[in-house]
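What follows is each chain in one-letter form.
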Amino acid sequence: MTTIGTGGPARALARPRSLTELEEAVRYAQGEGLEVVVIGLGSNVLAADEGVDALVVRLEGALADAEARGELVVAGGGATNAVCLHRARAAGLGGFEFACAIPGTAGGGVRMNAGAYGRDWTDVLVRALVVSAEGSRWLTPAELGLAYRHADLRPGQVVAQVEYRLEPRPPDEIKATVAELVARRKDTQPTNKRTFGSVFKNPPGELGAGALLERCGLKGYRIGGAMISPKHANFIENADGATSADCLALMVEARRRAREQFGVELEREVVFLGDLALS
Ligand SMILES: Cc1cc2nc3c(=O)[nH]c(=O)nc-3n(C[C@H](O)[C@H](O)[C@H](O)COP(=O)(O)OP(=O)(O)OC[C@H]3O[C@@H](n4cnc5c(N)ncnc54)[C@H](O)[C@@H]3O)c2cc1C
């Protein structure tokens, strides 16, 4: 269930297709004393090889669909960015093109405040419906505390629905922008490999995490089946039967080198699920 293709099983799995089913699943978890962990496309997570002792929730059906309503795109938390972009384009709504190369869902985008090409979820999100054991509430970006690759969402809070405000734009122009952005991506990132996207957040200062790790000589560096991407040093590829432990060991080594060679303390962007920690 993760794009890097590592990690063990969940203690329990729920695949709610409606708000009612989601609320039932959350109540069930509370009754069983189980933590709730939502997974979107698993495109920014590293899950422990031993598995995840939680009720893993994956939103499906109506909770993974999207539709245009006037200048809004209303999407379930599990709707992929590709589906949202498709609905927006069909309705002649632009502004979401930046998400074309982010392989996640609406809920994952909120949780990570995902972004690219100078835009992120704060530029399009009007509000998100958050479901938890305490009930359901619509929250604005300010109430969600969206910041660079961060939201204040607590474990157990599920983004069930979102509203994006977009602006009229001819579908042909949207298509052309997307084609250009996707081509740029292919030139610079390992888009055809199994990865979980950016490993670390960009530190303050001129050098991004990728450039910094490249200067540490880490491109192509390998532990077990995991390898720092030869194309972009802030990506880890599952080169050959990698485990999450291999990926973690690479992250530890990358942080050590960045600290020793540049005095920079890299902060991880990837979300850990289960018993994983960076020493
Ligand atoms: C090739 C590649 C390129 C990428 N490029 C970018 C990029 O340019 N910019 C960028 O920002 N990211 C990028 N990413 C990372 C990733 O795609 C984004 O962070 C994305 O938004 C994660 O969405 P997801 O649905 O896959 O979330 P997941 O990876 O499944 O989960 C990530 C976090 O979000 C939480 N979550 C997921 N769904 C919900 C929900 N419904 N409610 C509450 N919490 C939820 C999870 O519990 C977890 O904490 C890239 C990843 C890959 C593999």
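Let me begin by describing the structure that accompanies this report. (Residues numbered from 1 in each chain as written. Predicted model: local features only at pLDDT ≥ 70, side-chain atom pairs only at ≥ 80, totals over all residues. Heavy atoms only, no water.)

### Looking at the overall build of the chain
Quick note on the threshold: Each helix is a run of DSSP H or I of at least 4 residues and each strand a run of E of at least 2, with the numbering of both proceeding from the N terminus. Computation of the radius of gyration draws on C-alpha atoms, with the globule rule given as 2.2 Å multiplied by the number of residues to the power 0.38. Burial classes follow relative accessibility: with a 1.4 Å probe on protein chains only, a residue under 20% of its type's maximum area counts as buried, one over 50% as exposed, and anything between as partly exposed. Contacts between residues were defined by any pair of non-hydrogen atoms, one from each residue, lying within 4.5 Å. The Shrake-Rupley method, run with a 1.4 Å probe, gives the accessible areas here. Residue values count only the displayed protein chains as cover.
Each helix and strand counted, the chain has seven helices and 17 strands in total. Relative to the compact-globule value of 19 Å for 279 residues, the chain shows a C-alpha radius of gyration of 19 Å, a close match. Classification of the 279 residues of the chain by burial places 50% in the buried group. Restricting to contacts in the chain with at least 6 residues of sequence separation, those with at least 24 account for 66%. About 12,900 Å² of surface is accessible on the chain, with carbon and sulfur atoms providing 47% of the total.

### As for the sheet that holds strand β2 (residues 36–38)
Short version of the rule: DSSP calls a pair of strands paired once it identifies at least 2 bridges connecting them. Axis definition: a line fitted to C-alpha atoms, limited for helices to the stretch in contact. Angles are taken between N-to-C directions and run from 0 to 180 degrees.
One open sheet holds the three strands; their spatial order is β1-β4-β2, and the pairing between them is parallel. The sheet is open, and its two borders are formed by β1 (10–14) and β2, each paired with just one other strand. Sheet twist, expressed as the average angle between the axes of neighbouring strands with direction ignored, equals 35 degrees. Direction of pairing for β1 relative to strand β4 (residues 52–57): parallel, over a ladder of four bridges. Counted as the bridge partner of alanine 12 is leucine 55 from β4. Across the sheet, helix α1 (residues 19–32) lies against β1, β2 and β4, angled at about 160 degrees from β4, the strand it touches most.

### A look at the site of the ligand
The condition that has to hold: Here, proximity means that at least one heavy atom of the residue falls within 4 Å of the molecule or strand. N or O atoms closer than or at 3.5 Å make up a polar contact, with two conditions inside protein: a donor-capable atom paired with an acceptor-capable one, and, for residues adjacent in sequence, both atoms drawn from side chains. For this classification, the nonpolar set comprises Ala, Val, Leu, Ile, Met, Phe, Trp, Tyr, Cys and Pro, the charged set comprises Asp, Glu, Lys and Arg, and every other residue, Gly included, is treated as polar.
Of all residues adjacent to the ligand, which total 31 residues, the nearest are Val38, Ser43, Thr105, Gly115 and Arg185. One of the backbone N or O atoms of leucine 41 is found 3.1 Å from an oxygen atom in the ligand. At 2.5 Å, a side-chain N or O of arginine 185 approaches an oxygen atom of the ligand. Contact with the protein chains covers 94% of the free accessible surface of the ligand, which is 960 Å². Residue assignment for the shell around the ligand shows that the elements contributing at least two residues are α3 (106–112), β8 (115–116) and β12 (158–165). If one sorts the elements of the shell around the ligand by residue count, α3 sits on top with five residues. Here the residues of the shell around the ligand sort into 15 nonpolar, 13 polar and three charged.

### Quick word on the pairing of β4
Of all the six residues making up β4, five are buried; the element is thus mostly covered by neighbouring parts of the structure. Pairing analysis gives three bridges linking β2 to β4, with the strands arranged parallel. Among the inter-strand pairings, valine 37 is bridged to a residue of β4, identified as valine 56.

### Topic: the nonpolar core
Put simply, the rule is: The term nonpolar core refers to a set of buried residues drawn from Ala, Val, Leu, Ile, Met, Phe, Trp, Tyr and Cys, joined through side-chain atoms within 4.5 Å.
Formed by 32 residues in total, the largest nonpolar core has its most connected members in Phe96, Val110, Trp121, Leu144, Val162, Tyr164 and Leu166. Excluding its chain neighbours within four sequence positions, the residues that come into contact with valine 110 are Trp121, Leu125, Leu144, Leu146, Ala151, Leu153, Val159 and Val162. Counting residues in hydrophobic clusters, the runner-up holds 27 residues, among them Ala242, Val264, Leu266 and Val270.

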